[in-house]
Amino acid sequence: MIIKNGQVFQEDGTFQVKDIYVENHKIASGENEVTDKTVVDATGLKVIPGLVDIHSHGAFGHDFSDADTEGLKTILKYERSHGITSYCPTSMTLPKDQLMEIFATLEGARGVEGGACVRGINMEGPFLDVNKKGAHLEKYIRRPDVDFFRELNEACNNMVKLVTLAPNVDGAMEFIDEIHNETCISLGHTGADYAVSTEAMKRGAHHVTHLYNAMMPLAHRDPGLIGAAADDSQCMVELICDGLHIHPSVVRATFSIFGDERVVLISDSMMATGMENGTYELGGQEVTMKDRKATLKNGTLAGSATNLYDCMCKAVSFGIPLETAIFAATRNPAKSIGIYDKVGSLSVGKDADILLVTDDLELKQVI
């Protein structure tokens, strides 16, 4: 395949009119490497990498935590149809036997035709702070347990790319010491202060789960996890940019503080995404979705009902430069879980996950 005359997004954040050559779903260096000479005319369109959502619980009526392979396939098809070509299904706080069943669904959903590629699992819980549990069930929260984590990870062929940890709970620092070279440890769902958060980062936890949500706010004399993340140049921070979880002013401020290399846009989407207003579930809890706002019975926000592509568009509408928003939905999440050698940019040798979009970001084609 040859994609001709598109405005191709470059690794330096510029757009260049050029052709892209695709062979066996890899980006090739030139026409001489392409056996299929089918031409896709991208004249007048922007050509950007497929998006990478590393934090999403579900979509289109299905939840990863349902432990349903067919449901996961449906989620993956929905995601790809909306420009998300790489995906990390995200679990909730549940017992180990249930998590085993949930993680086992990955095998049957691999390579689903017309679906996003599963790049790993995001294990959000159960090692959380009960005081910042959000939409997670308190009865299943437990202290960090290396053996618990390794048993689950080994059972799914080491597919856990992220695990959320509250650094202020007993055993958290020891867990970081043991695990930080095996997977990305993300700090979140925590009441940790600045000192504890900084210590966790020094030990090797350089990621934050949905910044601002389920943590102490940034205060001028008590900066907490947010301040610690700002001070750690290695730390990448997730941002739910659905227009509900975070005010547009704070979205802009976050990019000002963290720059264009450390913000990772996520959807944190749940099964109501792509559906009509109604009652749904998230990790076994009832959630009501009305006008894209998903809440528990007590009013707690329970994930989002927005996909990552729409979150990227929201960021642009809030005043984030287009190239910065694209990086935050492609390069940055890919780097955060160690898959930038495969996806996240349109470089020769990488997977040909490609989106054709108009200047106003209308998605025209997913390749």
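None of these values were measured; they are calculated from a predicted model.

Criteria and cut-off values
- Residues numbered from 1 in each chain as written.
- Predicted model: local features only at pLDDT ≥ 70, side-chain atom pairs only at ≥ 80, totals over all residues.
- Heavy atoms only, no water.
- Helix = DSSP H or I, 4+ residues; strand = E, 2+ residues; numbered from the N terminus.
- Rg over C-alpha atoms; globule rule 2.2 N^0.38 Å.
- Buried < 20%, exposed > 50% of the residue type's maximum accessible area, 1.4 Å probe, protein only.
- 1 Å grid on protein atoms, 1.4 Å probe; cavity = no way out; pocket = protein on both sides within 12 Å on 5 of 7 lines; lining within 4 Å.
- Points joined across faces, edges and corners; volume = space filled by probe spheres on them.
- Nonpolar A, V, L, I, M, F, W, Y, C, P; charged D, E, K, R; others polar.
- Patch = residues over 30% accessible without salt bridge, like charges linked within 9 Å, V, L, I, M, F, W, Y side chains within 5 Å.
- Areas by Shrake-Rupley, 256 points an atom, 1.4 Å probe, with all protein chains shown as cover.
- Salt bridge = Lys/Arg side-chain N within 4 Å of Asp/Glu carboxyl O.
- Lys, Arg positive; Asp, Glu negative; His and termini not counted.
- Charge placed at Lys NZ, Arg CZ, Asp CG, Glu CD.
- Arc of directions from axis to C-beta.
- Polar contact = N/O pair within 3.5 Å; in protein donor to acceptor, adjacent residues only side chain to side chain.
- Pairing = 2+ DSSP bridges.

**Comments concerning the overall build of the chain**
Working step 1: Secondary structure summary: the chain contains 10 helices and 21 strands in total.
Working step 2: Since a compact globule built from 367 residues should have a radius of gyration of about 21 Å, the 20 Å found for the chain is in line with a globular shape.
Working step 3: With the principal axes as the frame, the chain shows a C-alpha extent of 60 × 45 × 40 Å.
Working step 4: Across the 367 residues of the chain, 57% fall into the buried class.

**Digging into empty space enclosed by the protein**
Working step 1: Scanning all chains against the criterion turns up 2 cavities of 30 Å³ or more.
Working step 2: Space inside the largest cavity adds up to approximately 40 Å³.
Working step 3: A breakdown of the residues in the lining of the largest cavity according to their chemical character gives 4 nonpolar, 4 polar and 2 charged.
Working step 4: In this structure, the second largest cavity occupies an estimated 40 Å³ of space.
Working step 5: Lining the second largest cavity are Pro49, Gly50, Val52, Thr85, Ser86, Val343, Gly344, Ser345, Asp351 and Asp353.
Working step 6: Taken together, the residues of the lining of the second largest cavity sort by class into 3 nonpolar, 5 polar and 2 charged.

**Observations regarding the environment of Gly71**
Working step 1: Its place among the elements puts Gly71 in helix H1 (residues 69–81).
Working step 2: With relative accessibility at 3%, the residue Gly71 sits in the buried group.
Working step 3: Placed 13 residues apart in sequence, Gly71 and Gly58 show a C-alpha to C-alpha distance of 9.0 Å.

**Digging into a negative patch on the surface**
Working step 1: Negative charge collects at one region of the surface, where Asp66, Asp68, Glu281 and Glu286 lie side by side.
Working step 2: In this structure, Asp68 sits in the loop between strand E8 (62–63) and H1.

**Digging into helix H5 (residues 194–202)**
Working step 1: Where H5 is concerned, the buried positions are Ser197, Thr198, Ala200 and Met201. Taken end-on, H5 shows its buried residues confined to a sector of 160 degrees, consistent with a single buried face. Facing away from the buried side of H5, by more than 90 degrees, are the exposed residues Ala195 and Lys202.
Working step 2: A side-chain oxygen of the first residue of H5 lies 3.3 Å from the backbone nitrogen of Ala195; this N-cap is Asp193.
Working step 3: One or two residues past the end of H5 sits Gly204, with phi positive at roughly 125 degrees.

**Focus on the pairing of strand E5 (residues 46–49)**
As a general feature of sheets, a regular strand has side chains that alternate between the two faces.
Working step 1: Two elements, strand E1 (residues 2–9) and E5, share 2 bridges in a ladder whose sense is parallel. Residue pairing across strands places Val8 opposite Val47, the latter belonging to E5.
Working step 2: Bridge count for E5 against strand E20 (residues 354–357) is 4 bridges, and the pairing is antiparallel. Opposite Val47, over in E20, you have Leu356 as the bridge partner.

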